[in-house]
Amino acid sequence: MKPRSLLLTLAALTLGAASAVPVKLGSVPVTVEPNAKLLTLSAAGIRTAFPSAAGRPDAVFMTEDRKVSVAFEWRASKLNRTEVGKLVEQFPSVIRAQVPNVKTLKANLLQVSGTPWAQFIFTTPSQGDELRRELLVTSAGGRMLVVTIAGNLKDYAKNEAVVRTLTNSVRVN
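Attention in this report is confined to the structure presented alongside it. The shown structure was predicted, so the numbers you read here are calculated from the model rather than taken from an experiment. (Residues numbered from 1 in each chain as written. Predicted model: local features only at pLDDT ≥ 70, side-chain atom pairs only at ≥ 80, totals over all residues. Heavy atoms only, no water.)

As for the pairing of strand β9 (residues 131-140)
Link 1 in the chain: Burial analysis of β9 places eight of its ten residues in the buried class, which makes it a mostly covered element.
Link 2 in the chain: By the bridge criterion, seven bridges tie strand β8 (residues 115-124) to β9 in an arrangement that is antiparallel. Paired with F122 across the two strands is R133, which belongs to β9.
Link 3 in the chain: Counting the residues that bridge the hairpin from β8 to β9 gives six residues, and of these G128 lies at a positive phi of roughly 85°.
Link 4 in the chain: With ten bridges joining them, β9 and strand β10 (residues 143-152) adopt antiparallel strand pairing. Within β10, the position partnered with S139 by the bridge is M144.
Link 5 in the chain: Two successive antiparallel strands, β9 and β10, enclose a turn made up of two residues, where G141 displays a positive phi of approximately 65°. (Buried < 20%, exposed > 50% of the residue type's maximum accessible area, 1.4 Å probe, protein only. Helix = DSSP H or I, 4+ residues; strand = E, 2+ residues; numbered from the N terminus. Pairing = 2+ DSSP bridges.)

Encoded structure:
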């Protein structure tokens, strides 16, 4: 993945203000209600910021200050709705194995609009402030839908209300 500063520079060049009307996220079977305090990374911007197709999100929103991103990725991996709860128990060991220097890790099962979501929040050390990552995982059309919220702790705290409004508006179609 590209350094954060490059991602932010690219985002600054390719973002547009998100609308307040419910928006279907391309081919992803999800509708969200972004607001004026979120910016939308264009398809070209996503391709530039995430050059590897293997980990490229389908949609990316960023906060106005470009410090926190919310990425939606509809993976080919199969996941049934009944299996989402099992992820809460199984996936923390995968995160610890794949992410170096995990400092804190919390796993929860959430319900958003009647849809079960596995939530994983973890931090890793960084210069100045810890990096915060949150993965929200559910089943959409029998496949795995992953929402990744990324930023450092201080920036996330400043933008939490905007990010939570977006994630709470997600409707799996």
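Some remarks on the pairing of β10
Link 1 in the chain: Taking burial as the measure, the ten residues of β10 include eight buried ones, the bulk of the element.
Link 2 in the chain: Here seven bridges tie strand β6 (residues 69-78) to β10, and the two strands are oriented antiparallel to one another. Bridged to F72 within β10 is V147.

Topic: the sheet that holds strand β11 (residues 171-172)
Link 1 in the chain: Read from one edge of the open sheet, three strands run β2-β3-β11, paired in antiparallel fashion. Strand pairing shows two members of the sheet lacking a second neighbour, β2 (23-24) and β11, which therefore form its edges.
Link 2 in the chain: Taken together, the two bridges between β2 and strand β3 (residues 30-32) define a ladder with antiparallel strand orientation. Directly across from K24, in β3, lies its bridge partner T31.

Some points on the environment of L79
Link 1 in the chain: As for its placement among the helices and strands, L79 is situated in the loop between β6 and α3 (84-98).
Link 2 in the chain: Here the alpha-carbon distance between L79 and A140, two residues 61 residues apart in the chain, equals 8.0 Å.
Link 3 in the chain: In this structure, L79 is in contact with V84, L87, V137, T138, S139, G142, R143 and M144, ignoring residues within four places of it in sequence. (Contact = heavy atoms within 4.5 Å.)

Some details on unusual backbone geometry
Link 1 in the chain: The backbone of R66 sits at a positive phi, close to 60°, despite the residue not being glycine.
Link 2 in the chain: By the element assignment, R66 lies in the loop between β5 (59-63) and β6.
Link 3 in the chain: Of the residues examined, R66 reaches a relative accessible area of 27% and is grouped as partly exposed.

Brief notes about helix α4 (residues 153-168)
Link 1 in the chain: At N159, α4 shows its maximal kink, close to 65°.
Link 2 in the chain: For α4, the capping residue at the N-terminal end is N152, with a side-chain oxygen 3.2 Å from the backbone nitrogen of K154. (Bend = angle between axes of the 7 residues up to and from the residue. Polar contact = N/O pair within 3.5 Å; in protein donor to acceptor, adjacent residues only side chain to side chain.)

Considering α3
Link 1 in the chain: Here α3 contains 15 residues, and its C-alpha end-to-end distance of 20 Å stays within 8% of the 21 Å for a straight helix at 1.5 Å per residue.
Link 2 in the chain: Maximal helix bending in α3 amounts to about 45°, located at Q90; proline P92 follows within four positions.
Link 3 in the chain: Close packing links the buried residues of α3 with β7 (104-112), β8 and β9. (Expected span 1.5 Å × (residues − 1).)

Quick look at the nonpolar core
Link 1 in the chain: Judged by nonpolar contacts, the single largest core of 23 residues is most densely connected at L25, V30, V32, F61, V70 and F72.
Link 2 in the chain: Elements represented by at least two residues in this core include exactly β3, β5, β6, β9, β10 and α4. (Core = buried A, V, L, I, M, F, W, Y, C linked by side-chain atoms within 4.5 Å.)

Structural notes on the packing of aromatic side chains
Link 1 in the chain: Counted under the stated rule, the structure contains two aromatic pairs.
Link 2 in the chain: Each ring, one from F91 and one from F120, has its centre 5.2 Å from the other, and the planes form 55°; the classification is tilted. In this pair, F91 is assigned in helix α3 and F120 in strand β8, connecting sequence segments 29 residues apart.
Link 3 in the chain: Note that R143 overlies the ring of W74, its terminal NZ or CZ placed 3.6 Å from the centroid. (Phe/Tyr/Trp six-rings, centres within 6.5 Å; stacked < 30°, edge-to-face > 60°. Lys NZ or Arg CZ within 6 Å of the ring centre and 35° of its normal.)

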